[in-house]
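Listed below are the residues making up each chain.
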Amino acid sequence: MRIGSVSVAHPITLAPMEEHTNPPFRLLMKQHGASLVCGERIDACDVAKRDRRAMRLLSTAPGERPAVGQISGRDPHEMAEAAKVVESQGFSIVDLNFECPIRRLIGRGEGGALMSDPAAIARIVEAVVKAVSIPVTLKIRSGPDGEHETAPEVARLAERSGAAAVDVHARSVAQSYVGGPDWSVIARVKQAVSVPVLGSGGIREAADVVRFLKETGADGVAIGRGCLGNPWIFQQARSLVLGGATIAPPSAAERARVLLHLVEGEFDYYGNHLALKRLPRTSCYFAKFLSDFAGFRSSIQKVRNIQDFRRLVREHFASVVPLTAASGVSETD
Ligand SMILES: Cc1cc2nc3c(=O)[nH]c(=O)nc-3n(C[C@H](O)[C@H](O)[C@H](O)COP(=O)(O)O)c2cc1C
């Protein structure tokens with residue numbers, strides 16, 4: 001797949017997820033086979049003024065390229081200024097978020113609120129395309145709610161304004177993350193445009209990727225919650241898509257090794273204080289695929305430093321057995 005000037009090796013990509021898709025996480029997903037990785041949404045107003053937190057979120061390492069930086073906002077000028085910063089940070093693509101359902105953003109008329117106003121989205125895309133030389137893509141939902149499917153029109157207008165690809169989360173903004181996605185909207189967006197269409201929603205195991213690509217005709221898939229604690233889903237899906245063998249799930253020891261690697265990366269990236277606070281969540285995603293999850297969850301609450309954490313992971317992961325495929329993934333993040 002080609003997104004503007006950027007060549008993407010295969011269709012299986014990492015979806016952006018706030019509080020998850022930090023640089024060490026993205027690098028790990030890349031190493032496990034994601035073709036393209038995307039950082040979390042950042043407010044364009046913060047990026048445009050190079051706010052410290054925004055700039056930290058906007059860090060990228062050469063090893064993860066091609067990488068996507070994502071911004072949200074409603075003012076075309078501000079979005080264009082922010083996109084220039086994303087480009088200057090070394091991202092290969094800038095993605096514009098018109099999908100976020102959180103109340104704070106909707107209240108400001110940003111993110112998913114713009115799915116009711118395709119013309120406003122087109123104006124923003126046009127301004128950003130003029131401002132940067134990297135490809136500009138957009139992340140949208142099916143529409144503001146179940147009754148109004150604006151995605152095909154948004155995609156059409158955005159393509160006319162110069163967008164290089166469209167990524168559709170197959171739920172409405174009103175749905176937020178609750179309930180099943182409706183993949184059929186992705187097929188309709190695919191009909192509406194000639195630029196690549198990617199989609200996401202409800203991918204929980206490798207076989208879902210095959211079904212998704214077949215049913216929607218999409219050029220790519222973005223895996224969201226399905227890769228939390230399970231970076232192996234990328235290689236497993238890639239093998240199935242290529243018609244190859246089913247790759248067996250990793251052993252408990254391999255899960256422990258990869259979790260420890262991710263956590264070391266989080267300590268480097270966030271520093272001790274914040275990384276320690278994140279430990280229970282980061283590690284529970286991995287432990288959910290193994291027996292005695294309740295035991296791990298209660299032990300992790302008592303961990304106060306990285307040494308205790310390493311010991312707990314070594315001991316716990318050596319004493320448990322894998323559960324059956326994907327049974328550990330929760331629907332609600
Ligand atoms: C915790 C969380 C944070 C998310 N943050 C973002 C974000 O920053 N930007 C974005 O475009 N989508 C975001 N999404 C949506 C995902 O990119 C993706 O479209 C969605 O999770 C797909 O659905 P699935 O998780 O059911 O596969 C987020 C999703 C979750 C679960």
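Within every chain, residues take consecutive numbers counted from 1 along the sequence as written. In view of the model being predicted, local features appear only for residues whose pLDDT reaches at least 70, and side-chain atom pairs are presented and counted only at 80 or more, with totals across whole chains, interfaces and linings using the full set of residues.

*Asks:* Help me understand the pairing of strand E8 (residues 165–169), please; the structure alone is not making it clear to me.
*Replies:* Successive side chains on a regular strand alternate, one facing one side of the sheet and the next facing the other. Among the five residues in E8, five count as buried, and that is most of the element. Residues of E8 alternate between two faces, with Ala-165, Asp-167 and His-169 on one and Val-166 and Val-168 on the opposite face, all of them buried. By the convention used here, strands pair only if DSSP detects at least 2 bridges between them. Secondary structure elements follow DSSP: runs of H or I of four or more residues count as helices, runs of E of two or more count as strands, with numbering from the N terminus. Across five bridges, the pairing between strand E7 (residues 136–141) and E8 is parallel. Across the sheet, Arg-141 pairs through a bridge with His-169, a residue of E8. For the crossover from E7 across helix H7 (residues 151–160) to E8, the handedness is right-handed. Here four bridges tie E8 to strand E9 (residues 197–200), and the two strands are oriented parallel to one another. Considered in E9, the bridge of Asp-167 is made with Leu-198. Crossovers are marked right-handed if the path from the first strand over the helix to the second runs clockwise, as seen with the strands pointing away from the viewer. Between the parallel elements E8 and E9, the chain passes through helix H8 (residues 184–192) in a crossover that is right-handed. Residue burial is a threshold on neighbouring C-beta atoms within 10 Å of the residue's own C-beta, all placed from the backbone, with 20 or more meaning buried, 12 or fewer meaning exposed, and counts in between meaning partly exposed.

*Asks:* Whenever I open this one, the sheet that holds strand E3 (residues 12–14) confuses me. Can you help?
*Replies:* Backbone-to-backbone hydrogen bonds pair the strands of a sheet. The strands run either parallel or antiparallel. A sheet is described by the order of its strands in space; here eight strands give the open sequence E3-E10-E9-E8-E7-E6-E5-E4, paired in parallel fashion. The open sheet has two edge strands with one neighbour each: E3 and strand E4 (37–43). When the angles between neighbouring strand axes are averaged without regard to direction, this sheet yields 25°. With five bridges connecting them, strand E6 (residues 93–98) and E7 associate as parallel partners. Angular values range over 0 to 180 degrees, each being the angle between N-to-C directions of two axes fitted as lines to C-alpha atoms, with helices fitted over their stretch in contact.

*Asks:* Help me out: how do you make sense of the domain arrangement of the protein in this one?
*Replies:* In terms of domains, the protein is made up of domain 1 (2–241) and domain 2 (252–319). With centres defined by C-alpha atoms, the gap from domain 1 to domain 2 works out at 29 Å. Listed per partner, the contact involves nine residues of domain 1 and 10 residues of domain 2. For the side of domain 1 that touches domain 2, the per-class residue count stands at six nonpolar, three polar and no charged. Each domain span listed reflects an automatic or database assignment of domains. Residue pairs qualify as contacts under a 7 Å threshold applied to their C-beta atoms, which are placed from the backbone. Charged residues are taken to be Asp, Glu, Lys and Arg, nonpolar residues to be Ala, Val, Leu, Ile, Met, Phe, Trp, Tyr, Cys and Pro, and polar residues to be all remaining types, Gly included.

*Asks:* Would you explain the environment of Arg-2 in this entry?
*Replies:* Here Arg-2 is to be found in strand E1 (residues 2–3). Along the chain, Arg-2 and Pro-196 lie 194 residues apart, while their C-alpha atoms are 7.6 Å from each other. The contacts of Arg-2, once residues within four sequence positions are left out, are Ser-7 and Val-8.

*Asks:* Can you help me understand the packing of H7 against H8 in this one?
*Replies:* The relative placement of two packed helices comes down to the angle between their axes together with the axis-to-axis distance. Remark: H7 packs on H8, axes separated minimally by 9 Å, with the N-to-C direction vectors making an angle of 30°. Viewed along their axes, H7 and H8 adopt a mutual orientation that is roughly parallel. Judged by the sense of rotation from one axis to the other, the crossing of H7 with H8 is right-handed. Judged by residue contacts, Ala-151, Pro-152, Ala-155 and Arg-156 of H7 engage Val-185, Arg-188, Val-189 and Ala-192 from H8. Looking at the contact of H7 with H8 residue by residue, the classes come out as six nonpolar, no polar and two charged. Should an angle lie under 35 degrees it is considered roughly parallel, over 145 roughly antiparallel, and from 65 to 115 roughly perpendicular; all remaining angles are considered oblique. A crossing counts as left-handed when the near helix is turned anticlockwise from the far one by less than a right angle, and as right-handed when that turn is clockwise.

*Asks:* I tried to follow unusual backbone geometry on my own but got confused; where do I start?
*Replies:* Cis rather than trans, the peptide bond between Arg-65 and Pro-66 has omega equal to 0°. Note that Pro-66 resides in the loop between helix H3 (52–57) and strand E5 (67–72).

*Asks:* How should I be thinking about the environment of Gly-112 in this particular structure?
*Replies:* Residue placement: Gly-112 occurs in the loop between helix H5 (103–107) and helix H6 (118–131). With 25 C-beta atoms counted inside 10 Å, the residue Gly-112 sits in the buried group. Between the alpha carbons of Gly-112 and Ala-155 there is a distance of 14 Å; along the sequence they are 43 residues apart. If we skip the residues at most four places from it in the chain, Gly-112 touches Phe-98, Glu-99, Cys-100, Pro-101, Ile-106, Arg-141, Pro-144 and Val-173.

*Asks:* How should I be thinking about the packing of helix H11 (residues 252–270) against helix H12 (residues 272–287) in this particular structure?
*Replies:* One way to put it is that H11 packs onto H12 with a least axis distance of 9 Å and a crossing angle of 155°. One element, H11, and the other, H12, form an angle in the roughly antiparallel class. Judged by the sense of rotation from one axis to the other, the crossing of H11 with H12 is right-handed. Within the contact between the two elements, H11 uses Arg-255, Leu-259, Leu-262, Val-263, Glu-266, Phe-267 and Tyr-270 and H12 uses Asn-272, Leu-274, Ala-275, Arg-278, Leu-279, Thr-282, Ser-283 and Phe-286. In terms of residue class, the contact of H11 with H12 is built from nine nonpolar, three polar and three charged.

*Asks:* Explain the confidence of the model for the protein to me, please; I cannot follow it from the model alone.
*Replies:* What pLDDT reports is the predictor's confidence in each residue, on a scale of 0 through 100. Confidence in the prediction for the protein averages 95 pLDDT; 97% of positions are at 70 or higher. Between residues 325–333, whose pLDDT stays under 50, and residues either more than four places distant or in other chains, the model counts 13 contacts.

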